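# Reading the structure
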Amino acid sequence: MPASLGYAALSPKAPLGPFRFERREPGPHDVQIEIHYCGVCHSDLHQVNEEWGTATFPMVPGHEIVGRVVKVGAHVKGFKPGDLAGVGCMVDSCRSCPSCGEGLEQYCDKGFVGTYGSKQKDGTPTYGGYSNNIVVDEAFTLRISPKLNPAAVAPLLCAGITTWSPLRHWKVSKGQKIGIVGLGGLGHMGVKFAHSFGARVVLFTTSQAKAEDARRLGADEVVVSRNKDEMKKHARSFDFILDTVSAPHDINALLGLVKRDGAMTLLGVPPADPSLKVGNLIFARRQLGGSLIGGIRETQEMLDYCAEHGIVSDIEMIPMHKINEAYERMLKSDVKYRFVIDLATLKP
Ligand code: NAP
Ligand code: ZN
Ligand code: ZN
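Residues numbered from 1 in each chain as written. Chains lettered and ligands numbered in written order. Predicted model: local features only at pLDDT ≥ 70, side-chain atom pairs only at ≥ 80, totals over all residues. Heavy atoms only, no water.

Once that is clear, we can look at the overall build of the chain. Of the regular secondary structure elements, the chain holds 11 helices and 17 strands. Relative to the compact-globule value of 20 Å for 348 residues, the chain shows a C-alpha radius of gyration of 20 Å, a close match. When the 348 residues of the chain are sorted by exposure, 57% land in the buried category. For the chain, the exposed area adds up to about 15200 Å²; of that, 52% sits on carbon and sulfur atoms. Within the chain, one finds 40 positive and 37 negative side-chain charges whose respective centroids are separated by 4 Å. (Helix = DSSP H or I, 4+ residues; strand = E, 2+ residues; numbered from the N terminus. Rg over C-alpha atoms; globule rule 2.2 N^0.38 Å. Buried < 20%, exposed > 50% of the residue type's maximum accessible area, 1.4 Å probe, protein only. Areas by Shrake-Rupley, 256 points an atom, 1.4 Å probe, with all protein chains shown as cover. Lys, Arg positive; Asp, Glu negative; His and termini not counted. Charge placed at Lys NZ, Arg CZ, Asp CG, Glu CD.)

The immediate surroundings of ligand 1 are formed by 31 residues, with His 42, Thr 205, Thr 206, Ser 207 and Arg 338 found nearest. Here an oxygen atom of ligand 1 sits 2.7 Å away from a polar atom, N or O, in the side chain of Arg 338. Examining the composition of the shell around ligand 1, we find that 3 residues originate from one element, helix H1 (residues 42–48), more than from any other. Residue composition of the shell around ligand 1, by class: 13 nonpolar, 16 polar and 2 charged. Here the shell around ligand 1 spans two domains, since at least three of its residues come from each of domain 1 (3–158 + 294–345) and domain 2 (160–290). (Near = heavy atom within 4 Å. Polar contact = N/O pair within 3.5 Å; in protein donor to acceptor, adjacent residues only side chain to side chain. Nonpolar A, V, L, I, M, F, W, Y, C, P; charged D, E, K, R; others polar. Domains from an automatic or database assignment.)

Here we come to the pattern of salt bridges. With the rule as written, the count across this model stands at 16 salt bridges. Note that Arg 24 and Asp 30 form a salt bridge whose closest N and O atoms lie 2.9 Å from each other. Exposure remark for Arg 24: the relative accessible area of 26% places this residue in the partly exposed category. Under the relative-accessibility criterion, Asp 30 is labelled buried at 6%. By sharing partners, the salt bridges in this structure join Asp 92, Arg 95, Lys 121 and Asp 137 into a single network. (Salt bridge = Lys/Arg side-chain N within 4 Å of Asp/Glu carboxyl O.)

Let us now look at the coordination of the zinc ion (ligand 3). Distances from the zinc ion (ligand 3) to its protein donors, Cys 94 (SG), Cys 97 (SG), Cys 100 (SG) and Cys 108 (SG), fall at 2.3 to 2.4 Å. Angles of 102 to 118° at the metal separate the 4 donor atoms of the zinc ion (ligand 3), which places the site in the tetrahedral class. Positions of the donor residues of the zinc ion (ligand 3), expressed as sequence spacing, correspond to C-x2-C-x2-C-x7-C. Taken together, the positions of Cys 94 in the loop between strand S6 (90–92) and helix H2 (98–101) and Cys 108 in the loop between H2 and strand S7 (113–114) put the pair 14 residues apart, joining distant regions of the chain. Of the residues examined, Cys 108 reaches a relative accessible area of 7% and is grouped as buried. (Donors = N, O, S within 2.8 Å, 3.2 Å for Na, K, Ca; no water. Tetrahedral: all angles 85-135°; square planar, octahedral: opposite > 155°, others 65-115°.)

Angle between the axes and distance between the axes are the two parameters that describe a pair of packed helices. Running from N to C, helix H4 (residues 159–169) and helix H10 (residues 296–309) cross one another at 100°; their axes reach a closest spacing of 10 Å. Here H10 runs roughly perpendicular to H4, going by the angle between their axes. Of the residues in H10, those in contact with Gly 160, Ile 161, Trp 164, Ser 165 and Arg 168 of H4 are Glu 298, Thr 299, Glu 301, Met 302 and Tyr 305. Residues of the contact of H4 with H10, tallied by class, amount to 4 nonpolar, 3 polar and 3 charged. (Axes fitted to C-alpha atoms, helices over the stretch in contact; angles between N-to-C directions. Parallel < 35°, antiparallel > 145°, perpendicular 65-115°, else oblique. Contact = heavy atoms within 4.5 Å.)

Further remarks concern the nonpolar core. Residues Tyr 130, Leu 167, Phe 193 and Ile 323 are the most contacted members of the largest nonpolar core, which totals 95 residues. Residue contributions to this core peak at 6 residues, all from H10. Here this core spans two domains, and each of domain 1 (3–158 + 294–345) and domain 2 (160–290) adds at least three residues to it. Sequence-distant contacts of Leu 167, that is, excluding residues within four places in its chain, are made with Val 172, Ile 178, Gly 190, Phe 193, Ala 194, Phe 197, Phe 240 and Leu 242. Counting residues in hydrophobic clusters, the runner-up holds 15 residues, among them Phe 204, Phe 238, Val 258 and Met 264. (Core = buried A, V, L, I, M, F, W, Y, C linked by side-chain atoms within 4.5 Å.)

Below you can see the structure in the form of structure tokens.
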């Protein structure tokens with residue numbers, strides 16, 4: 001069995017530190033990947049801190065994985081040793097329910113197998129990408145174009161697909177006014193994609209200092225969401241708002257900015273649920289919904305689109321041992337705009 005070295009939290013809220021474990025022996029459909037880069041998602045931090053309910057420890061987080069294939073099983077068709085490969089939030093699903101049949105494995109009726117903190121079909125725990133290798137079924141492995149910087153591609157595997165999927169689902173396009181709330185890992189990809197689809201993009205932020213970057217990333221306008229007067233100017237004007245905020249905040253103030261028959265989709269999963277003023281929906285026939293990452297097929301479509309259009313994440317590379325510091329900065333919204341771990345710094 002391949003030996004692995006990673007960084008794990010041994011118990012809830014514990015700082016991460018070195019952890020040795022084993023991956024499963026690659027089966028006929030498996031790809032073994034040497035991990036080069038892994039993005040740091042706010043979901044990693046929520047789960048290490050057990051903010052979403054009981055979690056499994058030791059936890060090796062990380063679901064924005066890019067590396068190189070080192071070994072493939074006898075029946076693997078799409079990958080060979082030496083290829084670049086990516087792994088996102090899922091490593092398996094039931095593959096037989098209606099959602100899996102439609103390529104929407106993230107909504108699998110039986111629950112998808114998460115890249116970490118889940119159980120594989122043999123009952124053993126999954127460990128994520130803050131580690132030097134991973135073994136994954138080729139059906140859940142993504143092809144990565146050599147055209148792009150692989151470190152800056154890593155965040156596309158979660159932050160990218162999570163914003164791409166709802167923007168596509170709601171057919172965001174030219175002529176529409178789109179709001180993106182929060183300029184973190186997800187938010188900055190939301191701005192890039194909405195801009196690339198031709199929409200007029202307004203970024204809502206609590207960090208005035210991010211305004212200039214937001215414009216560089218593709219926002220046409222920046223609104224400081226704590227300024228009530230600035231917010232008022234946009235009442236009932238948005239076709240669609242994508243909310244990526246990781247902490248409790250007022251969703252009613254944002255809903256009021258959506259047009260009649262417009263929609264707002266929540267992506268952030270703060271530790272406490274928001275309160276909703278129902279009148280905000282009823283008096284303008286607005287829709288409020290949520291969206292979870294994206295399916296494997298659409299993740300590949302997103303990666304191919306990014307390769308074609310030269311879209312990657314804006315990253316700050318960190319060595320593995322700086323992960324606890326990165327978590328602290330993330331909690332202060334001090335992210336520009338995704339931390340990516342350089343796994344070459346993980347030495348035995
Ligand atoms: P992140 O990089 O930490 O960005 C979150 C941003 O939210 C911050 O940079 C900040 O932007 C804003 N923010 C933070 N606290 C706020 C507050 N109190 N009020 C208003 N805005 C605040 O996090 P991320 O990795 O993008 O993840 C965002 C959320 O999405 C997390 O809850 C994560 O778990 C969730 N997520 C969901 C999915 C899904 O499938 N639905 C997938 C991945 C992640 P400004 O500085 O611009 O205000
Ligand atoms: Zn994520
Ligand atoms: Zn299924």
